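Listed below are the residues making up each chain.
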There are 2 protein chains.
Amino acid sequence: MSQAQDRSSARRGRPPSQKARQKALEAARGILMDEGLGRLSIEAVAARSGVGKPTIYRHWANASELAMEALMAGFPAGSGGGPAGLEAALAAQIATLTQAFATTRGRQIAMALATADPESEFTRAFRNRVLLSSREAGREMIAAAAAAGEIGAPEDIEVVLDMIYAPLLYRLLAGHQPLDAGLGPALAAGAMRCLAPSR
Amino acid sequence: MSQAQDRSSARRGRPPSQKARQKALEAARGILMDEGLGRLSIEAVAARSGVGKPTIYRHWANASELAMEALMAGFPAGSGGGPAGLEAALAAQIATLTQAFATTRGRQIAMALATADPESEFTRAFRNRVLLSSREAGREMIAAAAAAGEIGAPEDIEVVLDMIYAPLLYRLLAGHQPLDAGLGPALAAGAMRCLAPSR
DNA sequence: TTTCATTTACGTTACGTATCGTAATTAAAT
DNA sequence: ATTTAATTACGATACGTAACGTAAATGAAA
């Protein structure tokens, strides 16, 4: 009976197609790379992938969700959990992010962001998914260091967090300075000076 | 001032385009002739004519209205106003209709009707526009003849009207017998026998 | 075990409207 | 009289869903 019970949990009818889903994601990535975020639409993805619009709408609510998944799959979300010591942990976190953006995928995300309307659904979703979650992880690392007596209680943690993470986004979008290996240690050191007790 | 007043009745902004309207109608006629009523759609007309769908929807509420106008423009509506004498007037009216259906346009309409769902918007609209209005014109001719003393008051005018006009539609749709010149006099003579006082 | 019925997903085509940049007009300002 | 502003229509593209015939599955019946 257990086998019958196992079987009874199987859905009847035609199963959703993972193949169709992958084809849509690949087409979306192709459009993002070849033409840019502004050219990504459900119609364009359907035309390029051969996947019907109703099927695309079964997997994603709109073009922004699809774009997000097409770009973000496999991309680190900026979590903490680095080495001991606040400065080293912050430097490691930022290094992970800058390395991620240095990949082909990361550069494409950056390009997509640069061409997108800053108030678009996609840009807001990206900030939430990567930058704000990185920022929250940083807040937790700083709070843990203060609780351990490694630093004093920060006077204005919001400003410090912005000083750490805003340059990431700024360099990403403006492209005037590189997101290189030196950024992590520099930002971490700057944060430590900001967090040192004032004299 | 009257000129200014005349001018004030002119609409501001871009005038609706009669050219666009004619292009849509021509494309609709082309589709009806080449492919049949079932293939006429707003998308197909837009694609064939180059007229945008929003523009088509400004002129017609749906594909059925467009089809009706594409087919019916210039087609007689089955009005009365024929010669004196009921039998001659009825024969003339039916002759006008059968001649209209004998034209290329008329045959196309017939073909369009034959392939259409009998309950479709289009078929119902056709019945309203041509057959029912013909039937009402017939009713008026019969009522006028009765008022003039040419015939007695009909006992069951609805049956008589059906006997006159139903064969038109039946021959049109079934195609088993021709809509020829003999039909008008035959139906008119039959009507007169039906309208003669019973003995 | 095989066949049939039922259920759910797929892709095609169409619908009817939204948004946008451009075009064609009239009205107002200069 | 000319220029500028305002208004309305146009066509392109996209949206998100409806309807339909077909495909791919499971469950029931024979």
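Note: the structure precedes this text.
Residues numbered from 1 in each chain as written. Chains lettered and ligands numbered in written order. Predicted model: local features only at pLDDT ≥ 70, side-chain atom pairs only at ≥ 80, totals over all residues. Heavy atoms only, no water.

**Q** What exactly am I supposed to notice about the protein's contact with DNA strand D here?
**A** Around DNA strand D sit 26 residues, and of these A:Glu43, B:Gly13, B:Arg14, B:Ser17 and B:Arg58 come closest. The contact atoms of DNA strand D, taken as those within 4 Å of the protein, divide so that sugar and phosphate hold 69%. Separating a phosphate oxygen of DNA strand D from a side-chain N or O atom of A:Tyr57 is a distance of 3.0 Å. The contact in question runs from a phosphate oxygen of DNA strand D to an N or O atom on the side chain of B:Arg11, over 3.1 Å. At the level of elements, helix 1 (2–8), helix 3 (42–49) and helix 4 (53–59) of chain A together with helix 4 (53–59) of chain B are the ones that each hand at least two residues to the surface near DNA strand D. (Near = heavy atom within 4 Å. Polar contact = N/O pair within 3.5 Å; in protein donor to acceptor, adjacent residues only side chain to side chain. Helix = DSSP H or I, 4+ residues; strand = E, 2+ residues; numbered from the N terminus.)

**Q** It is not clear to me how the pattern of salt bridges should be interpreted in this structure. Could you clarify?
**A** Any two side chains of opposite charge can pair, on the condition that their charged atoms come close. Residue and element names in this part refer to chain B. Taken as a whole and judged by the stated rule, the model has 18 salt bridges over all chains. Note that Glu 158 is salt-bridged to Arg 135, the shortest N-O span being 3.1 Å. Within this pair, whereas Glu 158 is found in helix 9 (residues 157–174), its partner Arg 135 is found in helix 8 (residues 121–147), the two being separated by 23 residues in sequence. Of the residues examined, Arg 135 reaches a relative accessible area of 13% and is grouped as buried. (Salt bridge = Lys/Arg side-chain N within 4 Å of Asp/Glu carboxyl O. Buried < 20%, exposed > 50% of the residue type's maximum accessible area, 1.4 Å probe, protein only.)

**Q** It is not clear to me how the layout of surface pockets should be interpreted in this structure. Could you clarify?
**A** Residue and element names in this part refer to chain A. Taken as a whole, the largest pocket holds about 290 Å³ of empty space. In terms of lining, the largest pocket is formed by 14 residues, of which the most central are Arg 14, Pro 15, Pro 16, Ser 17 and Arg 58. The greatest single-element share of the lining of the largest pocket, amounting to three residues, is contributed by helix 4. Its residues assigned to classes, the lining of the largest pocket shows four nonpolar, six polar and four charged. (1 Å grid on protein atoms, 1.4 Å probe; cavity = no way out; pocket = protein on both sides within 12 Å on 5 of 7 lines; lining within 4 Å. Points joined across faces, edges and corners; volume = space filled by probe spheres on them. Nonpolar A, V, L, I, M, F, W, Y, C, P; charged D, E, K, R; others polar.)

**Q** What exactly am I supposed to notice about the protein's contact with DNA strand C here?
**A** Taken together, 26 residues form the shell around DNA strand C, and within it A:Gly13, A:Arg14, A:Ser17, A:Arg58 and B:Glu43 come nearest. By atom count, sugar and phosphate contribute 67% of the portion of DNA strand C lying within 4 Å of the protein. A:Gly13 has a polar backbone atom sitting 3.3 Å from a base oxygen of DNA strand C. Between a phosphate oxygen of DNA strand C and a main-chain N or O atom of A:Gly52, the distance comes to 3.4 Å. Contributing elements (two or more residues each) for the surface near DNA strand C: helix 4 of chain A together with helix 1 (2–8), helix 3 (42–49) and helix 4 of chain B. Split by residue class, the surface near DNA strand C holds eight nonpolar, eight polar and ten charged.

**Q** Sorry if this is basic, but what is going on with the nonpolar core here?
**A** Burial of nonpolar side chains together is a common tendency in soluble globular proteins. If you look at the biggest cluster of nonpolar residues, it comprises 56 residues, and the most contacted ones within it are A:Val45, A:Ile56, A:Leu86, A:Phe126 and A:Ile142. Taken together, the elements giving at least two residues each to this core come down to helix 2 (18–34), helix 3, helix 5 (63–72), helix 6 (86–102), helix 7 (104–115), helix 8 (121–147), helix 9 (157–174) and helix 10 (183–195) of chain A. For this core, the element with the highest residue contribution is helix 6 of chain A, accounting for eight residues. Counting 54 residues, the second-largest nonpolar core is a separate cluster that includes B:Ile56, B:Ala145, B:Val160 and B:Leu195. (Core = buried A, V, L, I, M, F, W, Y, C linked by side-chain atoms within 4.5 Å.)

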